[in-house]
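Remarks on the overall topology
Next come the chains, spelled out residue by residue.
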Amino acid sequence: MGMLAIAILMGVSVAGAAIAQGMVGSKTVESMARQPELAGQLRTAMILALGLIESLAIYALLIAFMLVGKV
């Protein structure tokens, strides 16, 4: 039962991170198309946002490893 919980944890967290990264990327490209002069600032903000989103998936992986050690 514990392994099923870990699988669900990883599946939901990675799926959520993937959806969020896709949304950030698409909105950034859309914004760059509307205002090309702000492309540099938008790119910087996008990279920062993607790093924060990815850190949530990494935290979920860390929690999964901790749970595997207890199962």
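Reading the values: rules and limits
Residues numbered from 1 in each chain as written. Predicted model: local features only at pLDDT ≥ 70, side-chain atom pairs only at ≥ 80, totals over all residues. Heavy atoms only, no water. Helix = DSSP H or I, 4+ residues; strand = E, 2+ residues; numbered from the N terminus. Rg over C-alpha atoms; globule rule 2.2 N^0.38 Å. Buried < 20%, exposed > 50% of the residue type's maximum accessible area, 1.4 Å probe, protein only. Contact = heavy atoms within 4.5 Å. Areas by Shrake-Rupley, 256 points an atom, 1.4 Å probe, with all protein chains shown as cover. Expected span 1.5 Å × (residues − 1). Axes fitted to C-alpha atoms, helices over the stretch in contact; angles between N-to-C directions. Parallel < 35°, antiparallel > 145°, perpendicular 65-115°, else oblique. Nonpolar A, V, L, I, M, F, W, Y, C, P; charged D, E, K, R; others polar.

**Description of the overall build of the protein chain**
When helices and strands are tallied, the protein chain shows two helices and zero strands. The C-alpha atoms of the protein chain give 16 Å as radius of gyration, which overshoots the globular expectation for 71 residues (11 Å, by more than 25%). Dimensions of the protein chain, computed from the C-alpha atoms along their principal axes, are close to 55 × 15 × 5 Å. Of all 71 residues assigned to the protein chain, the portion counted as buried reaches 18%. Intrachain contacts of the protein chain at a sequence separation of at least 6 include 75% that bridge at least 24 residues. Accessible surface computed for the protein chain: about 5,100 Å², of which carbon and sulfur atoms make up 76%.

**A word on helix H2 (residues 39–70)**
Helix length check: H2, at 32 residues, gives a terminal C-alpha distance of 47 Å against a target of 46 Å (1.5 Å per residue), a fit within 8%. Here the buried face of H2 lies against helix H1 (2–34).

**Some remarks on the environment of Arg 43**
Along the chain, Arg 43 turns up in helix H2. With a relative accessible area of 43%, Arg 43 lands in the partly exposed category. For the pair Arg 43 and Met 32, spaced 11 residues apart in sequence, the C-alpha to C-alpha distance is 8.6 Å.

**Comments concerning H1**
Here H1 is 33 residues long and its end C-alpha atoms lie 48 Å apart, about the 48 Å a rise of 1.5 Å per residue gives. Here H1 has its buried residues at Ile 6, Met 10, Ser 13, Ala 17, Gly 25, Thr 28 and Met 32. On its buried side, H1 packs onto H2.

**Remarks on the packing of H1 against H2**
Packing of H1 against H2 brings their axes to within 9 Å, and their N-to-C directions diverge by 180°. Taken together, the axes of H1 and H2 are roughly antiparallel relative to one another. Split into classes, the residues belonging to the contact of H1 with H2 amount to 21 nonpolar, five polar and two charged.

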